Amino acid sequence: MIVGNRKPFEEILEMVKPFKKILLLGCRECITVCAAGGEREVGVLASELKMARAKDGQEIEIKEFTLERQCDYEFIDQIKPFIDDYEAVVSMACGAGIQYTAEHYPSKIVLPAINTTFLGVTLEQGVWSERCQGCGECVLHLTGGVCPVARCAKSLFNGPCGGSASGKCEVNKDTDCAWQLIVDRLKTLGQLDRYEDFIPAKDWKPSRDGGPRTRVREDLRLC
Amino acid sequence: MTQSNIERLLEKGVFVVTSECGPPKGADAEAVRKKGSLLKGVVDAVNVTDNQTSVVRMSSFASCLILKEMGFDPILQMVCRDRNRIALQSDILGAAALGINNILCLSGDHQSFGDHPGGKNVFDIDSMQLINTVRTMRDEGRLIGGEELKGRPNLFIGAAENPFADPFEIRAMRLGKKVKAGCQFLQTQCIYNLEKFGKWMEMVRERGLHEKCAILAGVTPLKSAGMARYMKTSVPGMDVPEELIDRLKGVPKEKQAEEGVKICVEMIQQLKEIPGVRGVHIMAIEWEEKVAEIAEAAGLSPRPEA
């Protein structure tokens, strides 16, 4: 799923400074699961903003609303009946949802309340961890199911750098060395000999380096 | 064969000596010459670091040329952190065109350690792929994109390896991959733990890698017990045994530098005896004036004519 963090409160407060009526728009997908921008977080942020503005004598009216998915044409129209009652939308979706809302309502100011960070997993209650960078050409079959692109700080394809110590990355002692994980997994699978295969320079075209990407399934299109 | 001095000497069976020169944080060519003058006649080739520890310095390429003018055979260090395959290959061609004979292919320290931690890293290719790139350009006369070259870069190809980093068991395999990719000489991380280095060399010999690639053992003299402690605890992938720190602590503070040099000389003498070690790489970081003394005391002076 996509993981994000709510922006610092002061930054959001500063963004909404010019407005008296805002629509605070959450999303029930990934950003709810990572507890950053779901219905609950919408409620919390609305209360915080109202309190801070009341304290400054600058009351603010906030409509709280949470869409099933902000990134999907099927749901984005749900806010159409009332969006014009508000001066701005503060979106608590990921970067995709924020932009999708903005492109559907071109004359509306749409502000981000979330810093979108990574594609990852829930390791345990309250802990999320990066796993994928969407590079467009998966190599997990070669690397024991552990991604060197997303999980090695240098995205190295042919083994660990010289800074790997006791299974940890030199950049952060709390981060596992991806190549330690790869080697451990290859050993468990009885495939350590695979490590000796040279992996040539990656083609980054299918990644973002090839430009923004669009996927089309002609067979599913309605027109 | 390339025009490389160390390739020629290694071919003749000479135990080679290399050292390194870190370019200055500024445009002062004199600073490079000053460091170079401390190494004149002491080494067979000199590495020039490429923005080491991700701190911006004069480029390795430019500093190599300054040292070449002084009569050195510079080793151009090239990291994958700052340039993509287009820029790397372009610099390889330029370096070879201007008479640089050696290249050391590295991944590069992560930028978070340096003076621009907010910079974006590149890592388009890794060090292993860079080795393969240089080899492809030199031996096949083409770029990795396939385009043919007019004039091949005739470079002696090297790499670095840290025998002390984890996972230890694949460290020799990793060198094997580098050799397969085209690595001809290897400089190791500074060695303080001789026993562990010995084990690594055993794995290297078992695979016959020492015959395909010249292993130059890396050493760095310790200035004090404090520096030894710092290296042990704060430099990733560094293995400094406690006995060494105790030995330095055992002498008065003002004598610790002298003791550090002594330890370094003893280390070189022991390394020379290890089968497969074909040279030594003395990295006296910001202490270049000690390289001559160390080489002399280790019986590595004078050097053969370049």
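A brief look at the structure comes next. What you are looking at is a predicted structure, and each value in this text was computed from that prediction instead of being measured. (Residues numbered from 1 in each chain as written. Chains lettered and ligands numbered in written order. Predicted model: local features only at pLDDT ≥ 70, side-chain atom pairs only at ≥ 80, totals over all residues. Heavy atoms only, no water.)

### Examining the sheet that holds strand β4 (residues 88-91) of chain A
All names here are of chain A.
Turning to step 1, where the next piece is worked out: Taking strand neighbours across the sheet as the criterion, the four strands line up as β3-β2-β4-β5 in an open arrangement whose pairing is parallel. With one partner strand each, in any of the chains shown, β3 (61-67) and β5 (109-112) form the two edges of the open sheet. The sheet shows a mean angle of 25° between the axes of neighbouring strands, direction not considered.
Turning to step 2, where the next piece is worked out: Pairing geometry for strand β2 (residues 21-27) and β4, over four bridges, is parallel. Its bridge partner being in β4, Ile22 is matched across the sheet by Ala88.
Turning to step 3, where the next piece is worked out: Across the sheet, helix α3 (residues 39-55) touches β2 and β3, and the angle it forms with β3 is around 170°. (Pairing = 2+ DSSP bridges. Helix = DSSP H or I, 4+ residues; strand = E, 2+ residues; numbered from the N terminus. Axes fitted to C-alpha atoms, helices over the stretch in contact; angles between N-to-C directions. Contact = heavy atoms within 4.5 Å.)

### Describing the interface of chain B and chain A
Turning to step 1, where the next piece is worked out: Between chain B and chain A, the contact holds 31 residues from the first and 30 residues from the second.
Turning to step 2, where the next piece is worked out: Inspection of the region where chain B meets chain A yields two salt bridges.
Turning to step 3, where the next piece is worked out: Among the ionic pairs, Glu169(B) bridges to Lys187(A), the shortest N-O distance being 2.8 Å.
Turning to step 4, where the next piece is worked out: Taken together, the links from chain B to chain A amount to 18 residue pairs in polar contact (both at pLDDT 80 or more).
Turning to step 5, where the next piece is worked out: Secondary-structure elements contributing two or more residues to the side of chain B that touches chain A are α5 (127-140) and α6 (171-181) of chain B.
Turning to step 6, where the next piece is worked out: Counting residues per element, the side of chain B that touches chain A draws most heavily on α6(B), at six residues.
Turning to step 7, where the next piece is worked out: Of the residues belonging to the side of chain B that touches chain A, the class tally is eleven nonpolar, nine polar and eleven charged. (Salt bridge = Lys/Arg side-chain N within 4 Å of Asp/Glu carboxyl O. Polar contact = N/O pair within 3.5 Å; in protein donor to acceptor, adjacent residues only side chain to side chain. Nonpolar A, V, L, I, M, F, W, Y, C, P; charged D, E, K, R; others polar.)

Without other data, these values stay purely geometric and don't point to any function.
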